[in-house]
Amino acid sequence: MSTTQPEAVPHPEIETEQQYVRELYGRLDAARDLAERRLKQAISWPAVDPQALQERDATVRFQTERVTALDAAEAGLCVGRIDRTDDGPLYIGRIGLAADDAGGDPALVDWRAPAARPFYTATPVHPLGVARRRHIRTRGRTVVRLDDEVLDGGVLTDGAAGSGLTGEAALMAALDTARTGRMTDIVRTIQAEQDRIIRADDRGVLVVQGGPGTGKTAVALHRAAYLLYTYRERLARRGLLVVGPTPTFLRYIADVLPSLGETGVLLAGLGQLRPGLDARGTESPQTAAVKGRLEMVGVLERAVADRQVVPDGPREVTVDGFALRLRPIDVKRAQNAARRAERLHNLARPVFARRVVDLLTRRYAERIGTGIDGGADLFDREDTAALRREVAEEPAVRLLIDDLWPVLTPERLLTELFADPARVAAATPGWDDATRALLHRPRGSATSSQQWTPADVPLLEEAEELLGFDDSAQRARAERDRRRRLAEAQETLDVLHGSRSIDLEDEHLEAEVLSAGDLISAEELAERQRALDTRTTAERAAADRTWTFGHVVVDEAQELSPMAWRLLVRRCPTRSMTAVGDLAQTGTLAGAAAWDETLRPHVGDAWRLEELTVNYRTPAEIMAVAADVLAAGGTGAGAPRSVRPGTVPPWAEVTGEAGLAARAAEVVEEWAGHEGTTAVIAPAGRVPELAAAVAARVDGVSCGPDADSSRGPVVLTPGEAKGLEFDAVLVVDPQRVLDEGVRGHNDLYVALTRATQRLGVLSPGDLPAELARLA
Ligand SMILES: Nc1ncnc2c1ncn2[C@@H]1O[C@H](COP(=O)(O)OP(=O)(O)OP(=O)(O)O)[C@@H](O)[C@H]1O
């Protein structure tokens, strides 16, 4: 049974709760003061040895994180309380705060702690020892509203048992709030079906399938925060990666984890999973689909093997006037030796090069020896070594080796592969020409971020796995640096020692006094001079392509291609992953049609499915329209049940082609008078014209990958709008959305379900039959 006080009639206990909440803020302030003091102390610790230095570093990091978490808890510190049938009340909040009595209950329980769970899951049917649940709403530090539910001992009404919602009044208030263009956390109103997923075991891949607005993104982010709380040590060390579909989406969700006090998480789009690259190029959906196939692993293997060349006929190089000949069989033998010694192309290359140089040196010696008594046998080891150096340093020899076995970066391999139809043909036996043509890309002058597309990223990474990276030069440099630091440190210690013996006159006293060299060795001093790596785990992980994460969260997981899954699984060998998505919203050709089919090749049976069924975003009247589109798509997927009715009925208008853009601009201008965010969602070909028309009437309009609805109306394609939501949505030219998308019904379904309050549809011609409900 839920009781809500109208704002005008204050709840009788509001003052008591205010008193308690004030106390909680007092504790928060004290905890923050303490953390700040400890941070300052740690910063000024004298670090006398490397271990102390490391400890200082760890303390500084820990206290900095603590201060950040305490700062983040300021807004909405306390979210509610549960009154237990067998015990006193327990207050639930964004962080845990200890009480004065260390033996008793904490003053505030972290929402992620096991004790807080009944706050989210207790129902009148299963009260879990909770007599009453109270949601506490605050503005700043002031309590403004209390919503109570009697769960045990109250009269069990049909409504209370049947709504299935936790804290219905608080939930509805949250859902009715105008959107800001940034996602917010839902700690106050997590629902039982969501809580189960948030706290699920972290082993294997957990797939969360749910329709639009069922809170998949919210659940995925709260699960990340829960896992960081529960497995803090492991995850702090290995890091947690959240993967989203687009830069706009990442910006939309960027504030949620920091608002939960978690800052160490790496957020990345599919185009950013290769360190140093932000792949923003575009290409046809068909090309992206081909690049996303698992077959591409074999294509790349063949493309690499194809670069290890055996020439058709003999090749000649001239060293010091002597023409030296290399036969195809010589190359083949060197190639076999290299392949036997090392699997990776770049690491095997030195073996190949050595063989070729050895052979040419032998031929060189033979040629010089010809005509001299004793021939090549005249040369001793030293002579041979000198000849070898001469051969190895001869530019023509280097060029020849480069030709037969080039050093390849992934970028070079792919650029040269895509640019050359003959190379593509050699790497794709059995493919038809039309499919091969999809891979063709002429060499352009585009910058690397425009040249590479998100679908290239898994290919570049796969190529890197095949090529390897010959880091012997880097290692040699690092060793030289280490030796230099050591020599400098030794010199410093020698100087200190020397100056001491001059200063001290008394021989006996000298023996008593410890020298700098007694306190610290040259190695330790050198180690201390090495610049400390102060980057966070997320920063280190972002820069290191071999980094493996403790957990990976994938949002809009239905869009991932098999090659993208392969990449992610490589970055998370434990397979501890959470993937949230909706098969009814798949917009790419390479994306998932069935979870089992998608995941089995990568994780076998190590995955399980959970479902979310309630739509918290889209009002029922709008959802009914979207459900018709979903049904017409024929995938058999069901639409989720809307949790609330709408206040404004959705509508459609036929404008004719000529009046379309002007009418769209007029509607957006009218909506601009309301609170909240607005989006126009249209097929790609219409976006520029619509953006220009709207911008002529309203300020702050943006479109494309950097669109930001917190600044003003946005004009997006359905693909760009994926995962986002807006108070008001205007869908323009639905027929073209249906016709142009590779999964047109899914695209229209996505577009219609972005609205939290208002939906309008503008059609230049007849409304598609799927939208008959709006006619
Ligand atoms: N328990 C909750 N309390 C308050 N708001 C919620 C709750 N669950 C979801 N919401 C809100 O519902 C909206 C939709 O959630 P979210 O974006 O996570 O859905 P989604 O399933 O990822 O949708 P889509 O598939 O369309 O991307 C968001 O505004 C979110 O804050």
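Residues numbered from 1 in each chain as written. Predicted model: local features only at pLDDT ≥ 70, side-chain atom pairs only at ≥ 80, totals over all residues.

- Looking at an unreviewed UniProt entry, one finds the chain named DNA helicase IV, with Geodermatophilus siccatus as its source organism.

### Description of the overall build of the chain
Move 1: Within the chain, the regular secondary structure consists of 34 helices and 22 strands.
Move 2: Evaluated residue by residue, the chain yields a buried proportion of 41% over its 775 residues.
Move 3: A separation of at least 24 residues holds for 73% of the contacts in the chain among residues at least 6 apart in sequence. (Helix = DSSP H or I, 4+ residues; strand = E, 2+ residues; numbered from the N terminus. Buried ≥ 20, exposed ≤ 12 C-beta atoms within 10 Å, placed from the backbone. Contact = placed C-beta atoms within 7 Å.)

### Some remarks on the pairing of strand E6 (residues 142–150)
Move 1: Of the strand pairs in this sheet, strand E5 (residues 130–139) and E6 are connected by eight bridges, and their pairing is antiparallel. Paired with Arg-132 across the bridge in E6 is Val-150.
Move 2: Counting the residues in the hairpin turn of E5 and E6 gives two residues, including Gly-140, whose phi is positive at 60°. (Pairing = 2+ DSSP bridges.)

### Side note on the site of the ligand
Move 1: Neighbouring the ligand are 23 residues, the closest being Thr-189, Pro-212, Gly-215, Lys-216 and Thr-217.
Move 2: Contributing elements (two or more residues each) for the shell around the ligand: helix H5 (168–176) and helix H7 (216–230).
Move 3: Among the residues forming the shell around the ligand, the class breakdown is eight nonpolar, 11 polar and four charged. (Near = placed C-beta within 6 Å. Nonpolar A, V, L, I, M, F, W, Y, C, P; charged D, E, K, R; others polar.)

### What about unusual backbone geometry?
Move 1: Although it is not a glycine, Leu-128 sits at a positive phi angle of roughly 55°.
Move 2: Mapped onto the fold, Leu-128 is located in the loop between helix H3 (117–121) and E5.
Move 3: The class for Leu-128 is partly exposed, based on 15 C-beta atoms found within 10 Å.
Move 4: Phi is positive for Glu-556, close to 50°, though the residue is something other than glycine.
Move 5: Counting through the fold element by element, Glu-556 comes out in the loop between strand E12 (551–554) and helix H27 (562–570).

### Quick notes on the domain arrangement of the chain
Move 1: By domain assignment, the chain separates into domain 1 (13–176), domain 2 (192–274 + 545–615), domain 3 (289–371 + 379–450) and domain 4 (620–774).
Move 2: A separation of 54 Å is found between the C-alpha centroids of domain 3 and domain 4. (Domains from an automatic or database assignment.)

### As for the sheet that holds strand E21 (residues 726–732)
Move 1: Here six strands make up an open sheet; going across it, the order is E17-E22-E21-E18-E20-E19 and the pairing parallel. The strands lining the two open edges of the sheet, one partner per strand, are strand E17 (651–654) and strand E19 (702–703).
Move 2: In terms of strand pairing, strand E18 (residues 678–681) meets E21 through four bridges, oriented parallel. The partner of Thr-678 across the bridge, within E21, is Ala-728.
Move 3: Relative to the sheet, helix H30 (residues 660–671) contacts E18, E21 and strand E22 (755–763), its axis offset from that of E21 by approximately 170°. (Axes fitted to C-alpha atoms, helices over the stretch in contact; angles between N-to-C directions.)

### Focus on the confidence of the model for the chain
Regions with low pLDDT carry predicted coordinates that are not meant to be interpreted in detail.
Move 1: Confidence in the prediction of the chain, expressed as mean pLDDT, is 88, and 89% of residues score 70 or more.
Move 2: Counting interchain partners and residues more than four positions distant, the pLDDT-below-50 stretch residues 1–6 has 17 contacts.
Move 3: Here residues 500–514 scores under 50 on pLDDT; set against residues more than four positions off or in separate chains, the count is five contacts.
Move 4: Predicted complex metrics record ipTM = 0.99 and pTM = 0.87. (pLDDT = per-residue confidence, 0-100.)

### With respect to the UniProt feature "binding site: ATP" (unreviewed entry) in the chain
Move 1: UniProt's feature table lists "binding site: ATP" (unreviewed entry) at Gly-210, Gly-211, Pro-212, Gly-213, Thr-214, Gly-215, Lys-216 and Thr-217, given in the numbering used throughout.
Move 2: Structurally, the position occupied by Gly-213 is in the loop between strand E7 (205–210) and H7.
Move 3: Gly-213 has contacts with Asn-615, Tyr-616, Arg-617, Thr-618, Pro-640 and Thr-753, leaving out every residue within four places of it along the chain.
Move 4: Counting through the fold element by element, Thr-217 comes out in helix H7.
Move 5: On the basis of neighbour count, Thr-217 is assigned to the buried category, with 24 C-beta atoms found within 10 Å.
Move 6: Not counting residues up to four positions away in its chain, the partners in contact with Thr-217 are Met-183, Ile-253, Asp-555, Val-580 and Gly-723. (UniProt positions renumbered as here; feature names shortened; annotations may be inferred.)

### Some details on the packing of helix H14 (residues 345–369) against helix H15 (residues 381–393)
Move 1: Look at H14 against H15: their axes get within 9 Å of each other, and the N-to-C directions meet at 115°. Where H14 crosses over H15, the handedness of that crossing is right-handed. Side by side, H14 and H15 meet where Val-357, Leu-360, Thr-361, Tyr-364 and Ala-365 of the first sit next to Thr-384, Leu-387, Arg-388, Val-391 and Ala-392 of the second.
Move 2: Of the residues in the contact of H14 with H15, the class split is seven nonpolar, two polar and one charged. (Left-handed = near helix turned anticlockwise from the far one by under 90°.)

### Here we look at the nonpolar core
Move 1: Core analysis: the largest hydrophobic core is formed by 154 residues, its most contacted members being Ala-224, Ala-664, Val-680, Leu-690 and Val-715.
Move 2: Sorting elements by how many residues they give to this core places H7 first, with nine residues.
Move 3: Sequence-distant contacts of Leu-690, defined by excluding residues within four places in its chain, comprise Ala-661, Ala-664, Val-680, Ala-682, Val-715 and Val-732.
Move 4: Counting 22 residues, the second-largest nonpolar core is a separate cluster that includes Val-317, Val-319, Ala-334 and Leu-400. (Core = buried A, V, L, I, M, F, W, Y, C linked by C-beta atoms within 7 Å.)

### Some points on the sheet that holds E7
Move 1: Pairing in this open sheet of six strands is parallel, and the strands run E9-E8-E12-E13-E7-E14 from one edge to the other. At either end of the open sheet lies a strand with only one pairing partner, and these are strand E9 (265–269) and strand E14 (607–612). Neighbour to neighbour, the strand axes of the sheet diverge by 15° on average, direction disregarded.
Move 2: Those strands touched by H7 are E7, strand E8 (240–244), E9, E12, strand E13 (577–581) and E14, and its axis lies near 165° from that of E13.
Move 3: Docked against the sheet, helix H28 (residues 595–603) engages E7 and E14, running at close to 165° with respect to E7.

### Section: the packing of helix H29 (residues 620–633) against helix H34 (residues 744–752)
Move 1: Viewed as axis vectors pointing N to C, H29 and H34 meet at an angle of 170°, and their least axial separation amounts to 9 Å. With respect to each other, H29 and H34 are oriented roughly antiparallel. The residues of H34 that touch H29, namely those facing Ile-622, Val-625, Ala-626, Val-629, Leu-630, Ala-632 and Gly-633, are His-745, Asn-746, Leu-748, Tyr-749 and Leu-752.
Move 2: Split by residue class, the contact of H29 with H34 holds nine nonpolar, three polar and no charged. (Parallel < 35°, antiparallel > 145°, perpendicular 65-115°, else oblique.)

### Topic: the environment of Arg-355
Move 1: With respect to the helices and strands, the residue Arg-355 is situated in helix H14.
Move 2: Taking the C-alpha atoms as reference, Arg-355 lies 8.4 Å from Ala-338; in sequence the two are 17 residues apart.

### Side note on the environment of Arg-535
Move 1: In this structure, Arg-535 sits in the loop between helix H25 (522–529) and helix H26 (537–543).
Move 2: Linking Arg-535 and Arg-61, residues 474 residues apart in sequence, is a C-alpha distance of 9.9 Å.

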